[in-house]
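Report on the structure
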Amino acid sequence: MECSDCKELIVSWSSGDLPPSGKESIEAHIGECPECRLYMSQSDRVWNLLGEWREVEPRSDFVSCFWDRVSKEERESGWSVFSYVRKLRLNWAMAGALASVLIVGIFTFALFKPDSGFETYADNDARDEQILLELDDATTRETTDALSIYGPWENTVEIMKINGYGDMN
Amino acid sequence: MDIDIELMLRTKSGDDGAFSELMRRHYKGVVNYIYRYTNLKENSEDLAQEVFLRIYRSRKNYRPEAKFSTWLYKIATNVSLTHVKKKNVNLSLDEMNDEGGEIGDPEIDIAADLIYRKEIKDVIFQAMESLPEREKVAIMLCKYEGLSYEEAAQVLECTVGAVKSYVHRGRMKLIDKLKPHLPGGGEYGV
Ligand SMILES: [Zn+2]
């Protein structure tokens, strides 16, 4: 057997791809050939040497970084809607016309929409204010009546006048 | 059912937690595969994320036709190859020494050991780089990633016999290139 053939068989044997008969041929050859004997040793040792290229330890937050990246891309894809509009290459006149139509549309809608919201608000508001005023008056009147049992107050009349009770006396 | 396929099918139906689990199972292997392919540690993590991103984006079209890992390494090979071609990574040995290696582990931060590891890493990388692409990928998949010949054949889209042939030829070339770097110069026999 030629040395080149033997080396081929040696590598196949190292890879586990050699039938038993092949192994016998190698053994017969390397018994007499120091070069192929050396090659056989080198074959295994080189394969083991590859294992010296150790693994690196990736960062532990790989998975969370991945999801951050996904979120970022999704946000950017939102912006791409605007990019799409930009890509339509509308000129300024066209853009202005579209904006005008939009504004006119909004005003038209506002004009024809039955709008009772403000009235309702004003009515409610006035009613609430009246209730508060009445409550305030009643409280003042009660306080004045209560204080009168301690004798005539100099400013009782003034207080009552201020609160609109002056005419009652 | 294969756990990876099950996780991928759950991902397809909208379960992102399943995809997180899938990544936890494989990201270390993918990062190291890309790292060995490019010899650039920092880029390898970004590129590994790119690999998972491609898979995640195509989750809706996933069909469990092949083993997940073969699909994964096929994409990882494409991403690595594209990166290497695009960047035309031709770093000098000094530049390579600034990248990668065993990082942040004080236990193994012994100067002599570190220098040896960096040297041997670069020597192996250069030897691998000199191989034809398919021989390089076949050896990386079978030697480092532990894929079977059948799985490597699916990644490389070739027959099992072809993979065996790639590994065989690659090994013979590596023996010639790396034997001077064997401890003792490789000049002693059995
Ligand atoms: Zn011989």
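See the structure printed just above.
In this report, we go over the structure that sits alongside the text. Since this is a predicted model, take the numbers as computed values, not measurements.

A word on the overall build of chain A
Within chain A, the secondary structure is distributed over seven helices and zero strands. Walking chain A from its N terminus toward its C terminus, one meets helices and strands in the order α-α-α-α-α-α-α. Across the 169 residues that make up chain A, the buried fraction comes to 22%. Summed over its atoms, the accessible surface of chain A is roughly 12,700 Å², and 59% of this surface lies on carbon and sulfur atoms.

With respect to the interface of chain A and chain B
Every contact between the two is made by 37 residues of chain A and, on the other side, 52 residues of chain B. Interface area lost by chain A to chain B is led by W47(A), W53(A) and F62(A), which between them contribute 19%. Viewed at the interface, chain B and chain A are joined by six salt bridges. Scanning the region where chain A abuts chain B turns up 15 residue pairs in polar contact (both at pLDDT 80 or more). Elements supplying a minimum of two residues to the side of chain A that touches chain B: α1 (3-14), α3 (34-50) and α4 (62-87) of chain A. Residue composition of the side of chain A that touches chain B, grouped by class: 16 nonpolar, eight polar and 13 charged.

A few points about the packing of helix α7 (residues 133-144) of chain B against helix α8 (residues 149-156) of chain B
All names here are of chain B. Running from N to C, α7 and α8 cross one another at 140°; their axes reach a closest spacing of 10 Å. In this view, α7 runs oblique relative to α8, as classed from their interaxial angle. Here the hand of the crossing between α7 and α8 comes out right-handed. Contacts between α7 and α8 involve R134, V137, A138, L141 and C142 from the first element and Y149, A152, V155 and L156 from the second. Split by residue class, the contact of α7 with α8 holds eight nonpolar, no polar and one charged.

Some words on the environment of V160(B)
Residue and element names in this part refer to chain B. Relative to the helices and strands, V160 is located in helix α9 (residues 160-178). Under the relative-accessibility criterion, V160 is labelled partly exposed at 28%. With eleven residues separating them in the primary sequence, V160 and Y149 have C-alpha atoms 5.8 Å apart. If we skip the residues at most four places from it in the chain, V160 touches Y149, E150 and A153.

Observations concerning the coordination of the zinc ion
Residue and element names in this part refer to chain A. Donor atoms from the polypeptide that bind the zinc ion are C3 (SG), H29 (NE2), C33 (SG) and C36 (SG), placed at 2.2 to 2.3 Å. Geometry at the zinc ion is tetrahedral, judged from its four donor atoms and the angles of 99 to 116° they form at the metal. The exposure class of C36 is buried, given its relative accessible area of 0%.

Digging into α3(A)
Taking 1.5 Å as the rise per residue, α3(A) with 17 residues should run 24 Å; its terminal C-alpha atoms sit 24 Å apart, in good agreement. Most of α3(A) sits inside the fold, with twelve of its 17 residues counted as buried.

Some words on the packing of aromatic side chains
Counted by the stated rule, this structure contains 16 aromatic pairs over all chains. Measuring from centroid to centroid gives 6.0 Å for W53(A) and Y35(B), while their planes differ by 70°, and the two rings are edge-to-face. With one member in each of two chains, W53(A) in the loop between α3 and α4 and Y35(B) in helix α2 (residues 16-38) form a pair that bridges those chains. On the basis of an interplanar angle of 5° and a centroid distance of 4.7 Å, the ring pair of F62(A) and Y27(B) is categorised as stacked. Taken together, the positions of F62(A) in helix α4 and Y27(B) in helix α2 put the pair across two chains. Exposure remark for F62(A): the relative accessible area of 0% places this residue in the buried category. With relative accessibility at 12%, the residue Y27(B) sits in the buried group. A connected cluster of aromatic rings, assembled from ring pairs, spans F62(A), F66(A), W67(A), F19(B), Y27(B), F52(B) and Y56(B). One Lys or Arg, R36(B), reaches over the ring of W53(A) and ends 5.9 Å from the middle of that ring. Of note, R59(B) hangs over the ring of Y56(B), and the distance from its end group to the ring centre comes to 3.9 Å.

Overview of the packing of α2(B) against helix α3 (residues 41-57) of chain B
Residues and elements named next belong to chain B. One way to put it is that α2 packs onto α3 with a least axis distance of 8 Å and a crossing angle of 140°. As summarised for this structure, α2 and α3 are arranged oblique, according to the angle between their axes. Here α2 runs over α3; the crossing is right-handed. Along its contact with α2, which presents D16, F19, M23, H26, Y27, V30, V31, I34, Y35 and T38, the element α3 presents K41, S44, E45, L47, A48, V51, F52, I55 and Y56. Here the residues of the contact of α2 with α3 sort into 13 nonpolar, three polar and three charged.

Focus on the side chain of N39(B)
Residue and element names in this part refer to chain B. By the element assignment, N39 lies in the loop between α2 and α3. Among the residues examined, N39 registers a relative accessible area of 1% and is labelled buried. Separated by 3.0 Å, the side chains of N39 and K121 make a polar contact.

With respect to unusual backbone geometry
All names here are of chain B. With a phi close to 60°, N39 is a non-glycine residue in the positive phi region. Here E157, not a glycine, exhibits a phi torsion of approximately 55°, which is positive. Inspection of the secondary structure assignment puts E157 in the loop between α8 and α9.

The rules behind these values
- Residues numbered from 1 in each chain as written.
- Chains lettered and ligands numbered in written order.
- Predicted model: local features only at pLDDT ≥ 70, side-chain atom pairs only at ≥ 80, totals over all residues.
- Heavy atoms only, no water.
- Helix = DSSP H or I, 4+ residues; strand = E, 2+ residues; numbered from the N terminus.
- Buried < 20%, exposed > 50% of the residue type's maximum accessible area, 1.4 Å probe, protein only.
- Areas by Shrake-Rupley, 256 points an atom, 1.4 Å probe, with all protein chains shown as cover.
- Contact = heavy atoms within 4.5 Å.
- Buried area = accessible area lost by both parts, 1.4 Å probe.
- Salt bridge = Lys/Arg side-chain N within 4 Å of Asp/Glu carboxyl O.
- Polar contact = N/O pair within 3.5 Å; in protein donor to acceptor, adjacent residues only side chain to side chain.
- Nonpolar A, V, L, I, M, F, W, Y, C, P; charged D, E, K, R; others polar.
- Axes fitted to C-alpha atoms, helices over the stretch in contact; angles between N-to-C directions.
- Parallel < 35°, antiparallel > 145°, perpendicular 65-115°, else oblique.
- Left-handed = near helix turned anticlockwise from the far one by under 90°.
- Donors = N, O, S within 2.8 Å, 3.2 Å for Na, K, Ca; no water.
- Tetrahedral: all angles 85-135°; square planar, octahedral: opposite > 155°, others 65-115°.
- Expected span 1.5 Å × (residues − 1).
- Phe/Tyr/Trp six-rings, centres within 6.5 Å; stacked < 30°, edge-to-face > 60°.
- Lys NZ or Arg CZ within 6 Å of the ring centre and 35° of its normal.

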